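Residue-level structural notes
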Amino acid sequence: MSEAKTSCGWGVAGLGWVAGDSVVPAMVEAGSKLAACLGSTPEKSRAFAQRFGFAHAAGDLDSLLHDSDVDAVYIALPNAMHHAAVLAAARAKKHVLCEKPFAMNVAHAREMVAACREAGVILRIAHQIRLDAAIVRAR
């Protein structure tokens, strides 16, 4: 009998301030496994991995997505790179949390949603506005 998995193994692609100041610290607090990270340079990847305790600093997106310890990938790459990264994650059967804006156009967004749906992976956009002033007023 196999043992149930107790935490999600995260891959993080894009190591800017949102990842470093908010999202990755929240992953740590939630008890998630930090499997692999990928920055714009090997040096940035290694420094980020060391700072947060990631198991691996990936050399490229393909190696991050094919890391067997990565169950889900947080995509915080430059906006124009979201489309290719989400499609690659879907092909690799990795769940996706993608930063906003999700896509640069509607056609890309539809393709990304369809790819994740076909792959059977969860796709979420890292955008919440429940505390936005207009939403609070509407409530």
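Every chain is numbered independently, its residues counted from 1 as its sequence is written. Only residues with pLDDT of 70 or above have their local features reported here, since the model is predicted, and side-chain atom pairs are shown and tallied only from 80 upward, although totals for entire chains, interfaces and linings are computed over all residues. Hydrogens and water molecules were not included; the side-chain quantities draw on all heavy atoms of the structure.

Secondary structure elements are defined from DSSP: runs of H or I of at least 4 residues count as helices, runs of E of at least 2 residues count as strands, and each element is numbered from the N terminus. The helix and strand tally for the protein stands at six helices and six strands. Ordered by position from N to C terminus, the α and β elements of the protein give β-α-β-α-β-α-β-α-β-α-β-α. The size measure is the radius of gyration over C-alpha atoms, and the globule rule it meets is 2.2 Å times the number of residues to the 0.38 power. For the protein, the C-alpha radius of gyration of 15 Å lies close to 14 Å, the compact-globule estimate for 139 residues. The principal-axis extent of the C-alpha atoms belonging to the protein is close to 45 × 40 × 30 Å. Relative to its full complement of 139 residues, the protein shows a buried share of 40%. Summary of the burial criterion: residues with accessible area below 20% of their type's maximum are buried, those above 50% are exposed, and those between are partly exposed, where the area comes from a 1.4 Å probe applied to protein chains only.

Sheet architecture is open: six strands sit in the order 3-2-1-4-5-6, paired in parallel fashion. Each end of this open sheet is capped by a strand with a single partner; those strands are strand 3 (56–57) and strand 6 (123–126). Contacts from helix 2 (residues 42–52) reach strand 2 (33–38) and strand 3 within the one sheet, and its direction differs from that of strand 2 by about 165 degrees. Strands are labelled as partners when DSSP assigns at least two bridges between them. We call two residues in contact when some of their heavy atoms are within 4.5 Å. Axis lines are fitted through C-alpha atoms, for helices just across the contact stretch, and the angle between N-to-C directions can take any value from 0 to 180 degrees.

This next bit is on the layout of surface pockets. Estimates place the volume of the largest pocket at around 250 Å³. Around the largest pocket, the lining comprises 18 residues; the ones closest to its centre are Gly14, Gly16, Ala76, Leu77 and Pro78. Sorting elements by how many residues they give to the lining of the largest pocket places helix 1 (residues 17–29) first, with three residues. Throughout, the protein atoms alone are placed on a 1 Å grid, and a set of points is a cavity if a 1.4 Å probe fits but cannot get out or a pocket if it is open with protein on both sides within 12 Å along at least five of seven lines; lining residues have an atom within 4 Å of a point. Grid points are joined across faces, edges and corners, and a volume is the space filled by probe spheres set on the points.

With that settled, consider the pattern of salt bridges. Salt-bridge detection follows one rule: a side-chain nitrogen of Lys or Arg within 4 Å of a carboxyl oxygen of Asp or Glu. In this structure the tally under the stated criterion is three salt bridges. A salt bridge links Asp69 to Lys33, with the nearest nitrogen and oxygen atoms 3.4 Å apart. Separated by 36 residues along the polypeptide, Asp69 in the loop between helix 3 (61–65) and strand 4 (72–75) and Lys33 in strand 2 bring together distant segments of the chain. Taking relative accessible area as the criterion, Asp69 reaches 27% and is therefore assigned partly exposed. Among the residues examined, Lys33 registers a relative accessible area of 34% and is labelled partly exposed. With a closest N to O distance of 3.7 Å, Arg46 and Glu43 form a salt bridge. Of this pair, Arg46 and Glu43 are both found in helix 2, three residues apart, which corresponds to roughly one turn of the helix.

Okay, helix 4 (residues 82–91) next. The buried fraction of helix 4 is high, at eight of ten residues. Along helix 4, the residues that are buried comprise His82, His83, Ala85, Val86, Leu87, Ala88, Ala89 and Ala90. Where the residues of helix 4 are buried, they touch helix 3, strand 4, strand 5 (95–99), helix 5 (106–119) and strand 6. Looking at the residues trailing helix 4, positive phi occurs at Lys93, about 65 degrees.

Our next topic: the environment of Asp60. Looking at where Asp60 falls in the secondary structure, it is placed in the loop between strand 3 and helix 3. Distance in space between the C-alpha atoms of Asp60 and Ala13 is 9.1 Å, their sequence separation being 47 residues. At 3.3 Å, the side chain of Asp60 and the backbone nitrogen of Asp62 are in polar contact. Think of a polar contact as two N or O atoms within 3.5 Å of one another; within protein, one of them needs to be a possible hydrogen donor and the other a possible acceptor, and neighboring residues in sequence only count if both atoms come from side chains.

Everything listed here is a matter of geometry and, on its own, says nothing about what the molecule does.
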